[in-house]
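If you want the building blocks of each chain, they are given just below.
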Amino acid sequence: MKQFVDNFRKYLYLMSQLVKKNIKLRYRRSYLGMLWTLIEPLLTMIVLTVVFGSMLGRNSTDASFAGVPFPIYVLTGRLLYAFFSSSTNAAMKSIRQNGAMIKKVYVPKYIYPFSGILANFLIFLISLIVLVGVMLFFMARGSYGADINGYMFLAIIPLINLFVLALGVGMILATLCVFFRDIEYLWSVMLMMIMYCSAIFYFADHMSEKTQIIVKLNPLFGIIHNFRRTLFGHGMDMTLFVYTSCFSIVSLLIGLFVFYKKQDAFILNI
């Protein structure tokens, strides 16, 4: 652990440069650049609200989120899922994309997936400005009727949980992708399934009990649900919190173990 901390400090500057590089590459040759961090979730929210709200008649919330406009409900889920999707994809490809550097100089290899996830987390934090703006918009219109209290400050806990989960899954994917390139295609399918099981644009309480069990087994659903509950002035669902926290920590431990065991063989397969 001491060696890990010393290496982390030693290569902190390099990691910061990799984070900057990842952010710049994401918006390379884009006229609006970082503005897409704010525009993209806003446009996605509008599309999902029109499709699943107006067209399919789901423009209302259930008892758990009374007073919360449907666009805000959609936006909270979409933002957290988008971070998980983009960060795990970035971590998964990080070792292969930095293969030339890995072959030339020694750098702790965990820096590459970690910097990819951290870059996406910073972009995600910036995108939360959109959420604040949309909430203020509905408050100004008098359409926002959810509670505003101290529970809102607890929203940071699900976000930390989300970061740990993304890091754990990202480390596992980064290792597997070096040896099995098909993981990229399989993970894209998995992400689609995870999205539909995360209650981004529907309400889990409206589903049958058997379906709810399947949805609640998805740790991302528990994180999104608790983020919504705290943000909208409710306490966390402690059962989901314990489950998602344990799942995230275990995935991180597995990811670190697998990555550490296989990292010496990376150079032979990139």
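Note: the structure precedes this text.
Residues numbered from 1 in each chain as written. Predicted model: local features only at pLDDT ≥ 70, side-chain atom pairs only at ≥ 80, totals over all residues. Heavy atoms only, no water.

1. Considerations on the packing of aromatic side chains
Rules: In this analysis, rings of Phe, Tyr and Trp, with Trp reduced to its six-membered ring, are considered paired at centre separations within 6.5 Å, and the interplanar angle assigns stacked below 30 degrees, edge-to-face beyond 60, and tilted for intermediate values. Numbering of helices and strands runs from the N terminus, with a helix taken as a DSSP run of H or I at least four residues long and a strand as a DSSP run of E at least two residues long. For every residue, the accessible area obtained with a 1.4 Å probe (protein chains only) is divided by the maximum for its type, and the residue is called buried under 20%, exposed over 50%, and partly exposed between those limits. Only when the NZ of Lys or the CZ of Arg is both within 6 Å of the ring centre and within 35 degrees of the ring normal is a charge said to sit over the ring.
Inspection of the entire model under this criterion finds 16 aromatic pairs. An angle of 55° between the planes, with centres 6.0 Å apart, marks the rings of Y243 and F247 as tilted. Of the two residues, Y243 and F247 both sit in helix α11 (residues 238-262), four residues apart, roughly one turn of that helix. Judged by relative accessible area, which is 35%, F247 ranks as partly exposed. One aromatic cluster is present, built from ring pairs that chain together F83, F114, F121, F124 and F163. Over the ring of Y73 we find R228; its NZ or CZ atom is 3.7 Å from the centre of that ring.

2. Description of the environment of I267
Along the polypeptide, I267 turns up in the segment after α11. As a C-alpha pair, I267 and G99 span 168 residues in sequence and 7.6 Å in three-dimensional space.

3. Examining the packing of helix α2 (residues 12-26) against helix α6 (residues 111-141)
This is how the line gets drawn: The angle between two axes is taken between their N-to-C directions and runs from 0 to 180 degrees, where each axis is a line fitted to C-alpha atoms and a helix contributes only its stretch in contact. Any angle from 65 to 115 degrees is called roughly perpendicular, while one under 35 is roughly parallel, one over 145 is roughly antiparallel, and all others are oblique. Put simply, a crossing is left-handed when the front helix is turned counterclockwise from the back one by less than a right angle, and right-handed when it is turned clockwise. Pairs of residues are marked as contacts when any of their non-hydrogen atoms sit within 4.5 Å.
Two elements in contact, α2 and α6, have axes whose closest approach is 8 Å; the angle formed by their N-to-C orientations is 55°. Taken together, the axes of α2 and α6 are oblique relative to one another. In this structure, α2 meets α6 at a crossing whose hand is right-handed. The segment α2 lies against α6, with M15, L18, V19, N22, I23 and R26 engaging I111, Y112, F114, S115, G116, L118, A119, N120, L122 and I123.

4. Some remarks on the side chain of T37
Position of T37 among the secondary structure elements: in helix α3 (residues 36-55). The contact partners of T37, leaving out residues within four places of it in the chain, are Y27, I123, I126 and S127.

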